[in-house]
Amino acid sequence: MATAKSGGNPTVLRILLGSQLRRLREAKDLNREEAGYTIRASGSKMSRLELGRVSFKERDVADLLILYGVTDADQRDALLSLARQANEPGWWQRYGDVLPSWFQAYVGLEEASARIRTYESHLVPGLLQTKDYALAFAGARLERPSLNVERRVSLRMDRQRLLTRPDPPRLWAVVDEAALRRQVGGPEVMRGQLEHLLAMTELPNVTLQVLPFRFGGSVVEGQPFVILRFAEPDLPDVVYLEQLTSALYLERPEDVDVYADLMDRLAVDAEEPDKSADFVSRILRQA
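Presented here is a report on the structure given in the accompanying data block.

1. Looking at a positive patch on the surface
Together, Lys45, Arg48, Lys57 and Arg59 line one region of the surface with positive charge. Locating arginine 48 in the fold gives a position in helix α4 (residues 43-50). Take arginine 48: its relative accessible area is 38%, and that puts it in the partly exposed class.

Have a look at this one:
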């Protein structure tokens, strides 16, 4: 079952359940509006359900299975069990007071990923930040000091545990030189951050490449992005683009391919991993 492969991650389970329900609907040649009428939902709500963007009610899944002609007891039980598991809260739900709704899906997808490829132009990637660096950055974004800063940073630190868990994802980060030279929190914080980056590159599942200033702005326009890949074959790659108050999740192959090609070009232009570690060491000596 998909639940075993996904490790019970509710975000992934919602996506898997949604994709299976979509296939069942299409096999009956029903559109989303027709299916939605059965569970008192609009076509747009059905779209969000089938994409795994919102949680399922077990009763709605049962009604849809009747509509789709699923009568096999084992198949029905499996899908209803998937619906129940998909509604279980993930560990990140305890940060609901500081976790924006548009970011919750990302944390769940990140937790379930097998490979994370990311480009950062202005900051050290979140999964590689020290607590002091994260505190300095989060505090600077607020007009007034807030207790929520500590909670946001705690969430980030908890996210980082996936890099050292058993069977961790592979993290491949290309970071612009500007992100390593920008003083976030002052010289002492930056020295600690650079030392942490060097330590993280010792992990077998972490690859860091530095994109030097000499490449100018011809390669990218400064837009950070993340490409997530999953071990579960039913899940497509996802490109995540974060904005100030929202985020975009790109799943269409033609969109993902553009960013995958860009990531490949960045990796070619950036310093090789060994030379990148030397590059960080030189910046650290200057800090």
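Past the structure itself, the notes keep going.
2. Quick word on the packing of helix α2 (residues 10-27) against helix α6 (residues 73-86)
Helix-helix packing is characterised by the crossing angle of the two axes and by the distance between the axes. Packing of α2 against α6 leaves a shortest axis separation of 8 Å and a crossing angle of 145°. Handedness of the α2/α6 crossing: left-handed. Seen from α2, the contacting residues are Pro10, Leu13, Arg14, Leu17, Gln20 and Leu24; seen from α6, they are Gln75, Leu79, Leu82, Ala83, Gln85 and Ala86.

3. Looking at α2
For α2, with 18 residues, the first-to-last C-alpha span of 26 Å sits near the 26 Å given by 1.5 Å per residue. Burial analysis of α2 places 13 of its 18 residues in the buried class, which makes it a mostly covered element. If you check the start of α2, you find a side-chain oxygen 2.9 Å away from the backbone N of threonine 11, and it comes from asparagine 9. Positive phi shows up at aspartate 29, right after α2, with a value of about 60°.

4. Digging into the environment of arginine 76
In this fold, arginine 76 is placed in helix α6. Relative accessible area serves as the criterion here: at 19%, arginine 76 is assigned to the buried category.

5. Examining the side chain of arginine 25
Positionally, arginine 25 belongs in helix α2. Owing to a relative accessible area of 5%, arginine 25 belongs among the buried residues under this scheme. Arginine 25 has contacts with Leu30, Asn31, Arg32, Ala35, Glu50 and Tyr68, leaving out every residue within four places of it along the chain.

6. As for the nonpolar core
Within the largest apolar cluster, 70 residues are counted, with the highest numbers of intra-cluster contacts made by Leu17, Leu21, Val61, Leu65, Tyr68, Leu128 and Leu180. For this core, the element with the most residues is α2, which contributes 7 residues. Setting aside residues up to four positions removed in sequence, leucine 128 forms contacts with Gln160, Leu163, Leu171, Ala173, Gln193, His196, Leu197, Met200 and Val206. Among the nonpolar cores identified, the runner-up in size contains 15 residues, and Phe225, Leu250, Val256 and Met263 belong to it.

Definitions and limits used
- Residues numbered from 1 in each chain as written.
- Predicted model: local features only at pLDDT ≥ 70, side-chain atom pairs only at ≥ 80, totals over all residues.
- Heavy atoms only, no water.
- Patch = residues over 30% accessible without salt bridge, like charges linked within 9 Å, V, L, I, M, F, W, Y side chains within 5 Å.
- Areas by Shrake-Rupley, 256 points an atom, 1.4 Å probe, with all protein chains shown as cover.
- Salt bridge = Lys/Arg side-chain N within 4 Å of Asp/Glu carboxyl O.
- Lys, Arg positive; Asp, Glu negative; His and termini not counted.
- Charge placed at Lys NZ, Arg CZ, Asp CG, Glu CD.
- Helix = DSSP H or I, 4+ residues; strand = E, 2+ residues; numbered from the N terminus.
- Buried < 20%, exposed > 50% of the residue type's maximum accessible area, 1.4 Å probe, protein only.
- Axes fitted to C-alpha atoms, helices over the stretch in contact; angles between N-to-C directions.
- Left-handed = near helix turned anticlockwise from the far one by under 90°.
- Contact = heavy atoms within 4.5 Å.
- Expected span 1.5 Å × (residues − 1).
- Polar contact = N/O pair within 3.5 Å; in protein donor to acceptor, adjacent residues only side chain to side chain.
- Core = buried A, V, L, I, M, F, W, Y, C linked by side-chain atoms within 4.5 Å.

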